[in-house]
Amino acid sequence: MNTEATPIVEIEGLHKRFGDNEVLKGIDLQIAEGEVVCLIGPSGSGKSTLLRCVNLLETPTEGTIIAAGHDMTGPDADLDLARRDIGMVFQHFNLFSHMTILDNLVVPQVRVCKIPRAQAVAEARRLLAEVGIEGKEQAKPSQLSGGQQQRVAIARALAVKPRLMLFDEPTSALDPEIVGEVLSVMKGLAAEGMTMLVVTHEMSFAREVADRVLFLDGGVIVESGPPADVLSNPKTERARTFLHRVLHPVD
Amino acid sequence: MDADTETADRRMTPARRQRLARAVQYTVLAAIVIVLAVVADWGRIADSFFQIDIAAAMFPAVWTPFWNTIVYTALAFVFGMVVGVPIALMRVSAFGPYRWFATAYVEIFRGLPALLVLFLVGFGVPQAFPGIQYPGGVYGQVAIGLGLTSSAYIAESVRAGIQAVPKGQVEAARSLGMSHTRTMITVVLPQALRIVIPPLTNELVMLTKDSSLVFVLGVTTSTMELSKFARNELTANANATPLLVGGLLYLLLTIPLGLLARRLEKRGEAR
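Residue numbers here run from 1 along each chain, matching the order of that chain's written sequence. Whichever chain is written first is A, and whichever ligand is written first is 1; the rest continue in order. Where totals are concerned, whole chains, interfaces and linings use all residues; where local detail is concerned, this predicted model gives features only for residues with pLDDT of at least 70, and gives and counts side-chain atom pairs only at 80 or more. Hydrogens and water molecules were not included; the side-chain quantities draw on all heavy atoms of the structure.

1. Some details on the overall build of chain A
No. 1: In terms of regular secondary structure, chain A is built from nine helices and ten strands.
No. 2: With C-alpha atoms as the basis for the radius of gyration, the globule rule is written as 2.2 Å multiplied by the number of residues raised to the power 0.38. Taking 2.2 N^0.38 as the reference for a compact globule, 251 residues should give roughly 18 Å; the C-alpha atoms of chain A span a radius of gyration of 18 Å, in line with that estimate.
No. 3: Across its three principal axes, chain A shows a C-alpha extent of roughly 55 × 50 × 45 Å.
No. 4: Burial status across chain A gives 55% buried among its 251 residues.
No. 5: When the accessible surface of chain A is split by element, carbon and sulfur atoms take 48% of a total near 10800 Å². Helix and strand assignments come from DSSP, with helices taken as H or I runs of at least 4 residues and strands as E runs of at least 2, each series counted from the N terminus. Per-residue accessibility, obtained with a 1.4 Å probe over protein chains only, is compared with the maximum for each type, and a residue is labelled buried under 20%, exposed over 50%, and partly exposed between these values. The Shrake-Rupley method, run with a 1.4 Å probe sphere, supplies the accessible areas, and residue values consider only the shown protein chains as cover.

Here it is, written out as structure tokens:
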């Protein structure tokens, strides 16, 4: 079996404009099944917009996107069906604030996948244990720390059995000492073979976990390659400047 | 130099100034109370408002209109919610015609006086459509007549609540594969309704008082509400005591409503 043959994400000629502001200026990207790709770049470079185009939370102005076997930009795309296969984790967690932690995982399974409640509860408990959240089933999201909330958010995204996970700066809203607990969950997920597209500022995570790092600037992919190449020997001046600023902020 | 120190001495510290201002305000309040107490003709006031025998004679007959006030309010509020929430959803719809209809509906029924709508439902519609029967007779007329106005206000409150739910909640729901409608029902509305508990309580209190307009439909002893009953008693006794009793009974309804709303709000926050 050659899994490389059909990429799980295929983006061609992607442009995105907000009014007069062109945020993405022609992105071509293929991601293979099981690959972990980190998106880095200065703020405003279009990283988040690119990520949000993959599950069509942002509608592309131009270009085609195929993700997890769904033609996302086709005229007859069933986005609700497609999005089940594409999990997403947000910077600000976005847990359903009026539901308990358990219901955050149970309700999507019951409502979206039509799984019987008892079975959904069992699956929710298993996922919560996997991300290290136990004994908080009946708590409300606001009663948890940011790190705990983000781990629940990852578990919730996994509850509808996605084939691909998108992470939009998952640790940017967290206190520094809490970042690790979220990254280690993500690392575990990568080790299990999940395909992941991660917008991040955590260079050590990118170096350690990513199969490929993309450096985005001004709406185009400027560099692409294994983390050792892109992070240690950037070919372009833009990437060099950015990495220097991130790794040596005081200079 | 000398003049400078003098002004500095005379200038008060903020704390002293505040104490002095408080003292002045308490003095004014005390003066007003004393003047009122001295000037008012207490015997006359007692005669007009506090005739125990007139008040006692209103019972137990007053419980029927008291109960009717509750029923009218509840019916109109239920109608207002059942119509108002969908109108609110239409107001935020991506589909133009829904938005246009909902906007027109809100503008019309928020703009018309409740009394006029009540007349319209009670007399205008039956004339235009002869033979029309409202379910529950006068109760149906009240539910629709007061409910139409109420639904416009409720729709606006709920719309504000929907728009106050963070966008991230919708994005999370959609990214999990929930449809637009499912997202609204499961994620947005439950949060929006919690946000609008205070304005909805307001609406319920307003409705309690607006039920006093029901008399224009022509009510009998069994369908009379509190204001009409109090007014009848006022005329019959040529005395204002029934108004005081009626007023207290309104407060007996509206004050617990406020307390209940505060409890609900607190519970929403705690969760």
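2. Things to note about the nonpolar core
Residue and element names in this part refer to chain A.
No. 1: By size, the foremost hydrophobic cluster in this structure holds 52 residues, and its most contacted members are I154, M165, F167, M186 and M196.
No. 2: Looking at this core, the element that brings in the most residues is helix 6 (residues 176-191), giving eight residues.
No. 3: By definition in these notes, contact holds between two residues if any of their heavy atoms fall within 4.5 Å. Sequence-distant contacts of M186, defined by excluding residues within four places in its chain, comprise I154, F167, P170, M196, V198 and F205. Within this scheme, the nonpolar core is defined by two criteria: the residues are buried Ala, Val, Leu, Ile, Met, Phe, Trp, Tyr or Cys, and they are joined through side-chain atoms within 4.5 Å.

3. Quick look at empty space enclosed by the protein
No. 1: Cavities and pockets are found on a 1 Å grid laid over the protein atoms alone: a cavity is a set of points where a 1.4 Å probe fits but cannot escape, a pocket is an open set with protein on both sides within 12 Å along at least five of seven lines, and a lining residue has an atom within 4 Å of such a point. Grid points are joined across faces, edges and corners, and a volume is the space filled by probe spheres set on the points. Inspection of the entire model under this criterion finds one cavity of 30 Å³ or more.
No. 2: One number sums up the size of the largest cavity: a volume of about 40 Å³.
No. 3: Lining the largest cavity we find A:M88, A:F90, A:F93, A:A153, A:R156, A:A157, B:A172, B:S175 and B:L176.
No. 4: Counting only elements with at least two residues in the lining of the largest cavity, the list comes to helix 5 (146-159) of chain A together with helix 9 (167-175) of chain B.
No. 5: Basically, the charged four are Asp, Glu, Lys and Arg, the nonpolar ten are Ala, Val, Leu, Ile, Met, Phe, Trp, Tyr, Cys and Pro, and anything else, Gly included, counts as polar. Each residue belonging to the lining of the largest cavity can be placed in one class, and the counts come to seven nonpolar, one polar and one charged.

4. Some words on the confidence of the model for chain B
Residue and element names in this part refer to chain B.
No. 1: Values of pLDDT, ranging from 0 to 100, describe the predictor's confidence in every residue of the model. Counting all residues, the mean pLDDT for chain B is 90, and 95% of those residues have values of 70 or more.
No. 2: By mean pLDDT, the top-scoring element of chain B is helix 9 (97), and the lowest-scoring one is helix 1 (residues 2-10) (56).
No. 3: Model confidence for the complex is summarised by a pTM of 0.85, with the ipTM given as 0.93.

5. Some points on the sheet that holds strand 10 (residues 220-225) of chain A
All names here are of chain A.
No. 1: Here, any two strands with at least 2 DSSP bridges between them count as paired. As summarised here, the arrangement of the six strands in space is 6-7-8-3-9-10, forming an open sheet in which the pairing is mixed. The strands lining the two open edges of the sheet, one partner per strand, are strand 6 (86-89) and strand 10. Geometrically, the sheet is characterised by an average inter-axis angle of 20° between neighbouring strands, direction not taken into account.
No. 2: Relative to strand 9 (residues 212-217), strand 3 (residues 36-40) runs parallel, the two sharing four bridges. Residue pairing for strand 9: V37 is matched across the bridge by R212.
No. 3: Sitting on the sheet, helix 1 (residues 47-54) is in contact with strand 3, strand 6, strand 7 (164-168), strand 8 (195-199) and strand 9, with an inclination near 150° to strand 7. Note on geometry: axes are lines fitted to C-alpha atoms, helical ones only across the stretch in contact, with angles between N-to-C directions running from 0 to 180 degrees.

6. A word on the packing of helix 5 of chain A against helix 6 of chain A
Residue and element names in this part refer to chain A.
No. 1: The geometry of helix 5 relative to helix 6 is characterised by a closest axis approach of 8 Å and an angle of 20° between their N-to-C directions. Taken together, helix 5 and helix 6 sit at an angle that is classed as roughly parallel. Helix 5 and helix 6 meet at a crossing whose hand is right-handed. Here G147, Q148, Q150, R151, I154 and L158 of helix 5 lie close against helix 6, whose contacting residues are I178, E181, V182, V185, M186 and L189.
No. 2: When its residues are assigned to classes, the contact of helix 5 with helix 6 shows seven nonpolar, three polar and two charged. Roughly parallel here means an angle under 35 degrees, roughly antiparallel means over 145, roughly perpendicular means 65 to 115, and every remaining angle is called oblique. Here a crossing is called left-handed whenever its near helix is offset anticlockwise from the far helix by less than a right angle, and right-handed whenever the offset is clockwise.

7. What about the side chain of A:T49?
All names here are of chain A.
No. 1: With respect to the helices, strands and loops of the structure, T49 is situated in helix 1.
No. 2: With relative accessibility at 12%, the residue T49 sits in the buried group.
No. 3: Those residues in contact with T49, other than ones at most four positions away along the chain, are K16, F18, V23 and L24.

8. Examining the pattern of salt bridges
Side-chain pairs of opposite charge can arise where the charged atoms are in close proximity.
No. 1: When a carboxyl oxygen of Asp or Glu is within 4 Å of a side-chain nitrogen of Lys or Arg, the pair counts as a salt bridge. For the coordinates displayed, the defined rule picks out 20 salt bridges over all chains.
No. 2: Here A:R163 and A:E33 are joined by a salt bridge, their closest N and O atoms 3.7 Å apart. Of the two residues, A:R163 sits in the loop between helix 5 and strand 7 while A:E33 sits in the loop between strand 2 (21-31) and strand 3, which places them 130 residues apart along the sequence.
No. 3: Looking at A:R163, the relative accessible area reads 35%, which means it is partly exposed.
No. 4: Classification of A:E33 as partly exposed rests on a relative accessible area of 35%.
No. 5: One salt bridge connects B:E156 with B:R159, and the closest N-O pair in it is separated by 3.0 Å.

9. Structural notes on the packing of aromatic side chains
All names here are of chain B.
No. 1: Side-chain rings of Phe, Tyr and Trp, where Trp is taken by its six-membered ring, are said to pair if the distance between their centres is within 6.5 Å; with planes under 30 degrees apart they count as stacked, over 60 as edge-to-face, and otherwise as tilted. All chains considered together, the criterion is met by eight aromatic pairs over all chains.
No. 2: With a centroid separation of 5.3 Å and 80° between ring planes, the pair formed by W63 and F66 is classed as edge-to-face. With W63 and F66 both in helix 5 (residues 63-91) and three residues apart, the pair spans about one turn of that helix.
No. 3: On the accessibility criterion, F66 (11% relative accessible area) is buried.

10. So, the environment of A:H15
All names here are of chain A.
No. 1: Within the secondary structure layout, H15 lies in strand 1 (residues 9-18).
No. 2: With a relative accessible area of 19%, H15 lands in the buried category.
No. 3: As a C-alpha pair, H15 and P60 span 45 residues in sequence and 6.2 Å in three-dimensional space.
No. 4: With sequence-adjacent residues up to four places away left out, H15 is seen in contact with E22, L24, K25, G26, P60, T61 and E62.

11. As for the pairing of strand 9 of chain A
Regular strands place their side chains on alternate faces of the sheet.
Residues and elements named next belong to chain A.
No. 1: For strand 9, the buried fraction is high: six of the six residues fall into the buried class.
No. 2: Burial along strand 9 is two-sided: the residues R212, L214 and L216 and V213, F215 and D217 are all buried.
No. 3: Sheet topology note: the strand 9/strand 10 ladder contains five bridges and is antiparallel. Note on strand 10: the bridge partner recorded for L216 is I221.
No. 4: Once strand 9 ends, the chain turns through two residues before running back antiparallel as strand 10, passing G218 with a positive phi of about 60°.

12. Structural notes on the interface of chain B and chain A
No. 1: On the side of chain A, 24 residues touch chain B, which itself brings 18 residues to the contact.
No. 2: Applying the counting rule to chain B against chain A returns two salt bridges.
No. 3: Put simply, A:D80 and B:R174 hold a salt bridge, and the shortest N to O gap is 3.4 Å.
No. 4: Between N or O atoms, a polar contact is any pair within 3.5 Å; within protein, one atom must be a potential hydrogen donor and the other a potential acceptor, and residues adjacent in sequence are included only when both atoms are from side chains. At the surface where chain B touches chain A, the tally comes to eight residue pairs in polar contact (both at pLDDT 80 or more).

13. Digging into helix 8 (residues 138-164) of chain B
Residue and element names in this part refer to chain B.
No. 1: Helix span is expected to be 1.5 Å times the residue number reduced by one. Along its 27 residues, helix 8 runs 38 Å from first to last C-alpha, staying within 8% of the 39 Å computed at 1.5 Å per residue.
No. 2: Of all the bends in helix 8, the largest measures some 40° and sits at G147.
No. 3: Most of helix 8 sits out of view: 20 of its 27 residues are buried. The bend at a residue is defined as the angle formed between two axes, one fitted to the seven residues ending at that residue and one fitted to the seven starting there.

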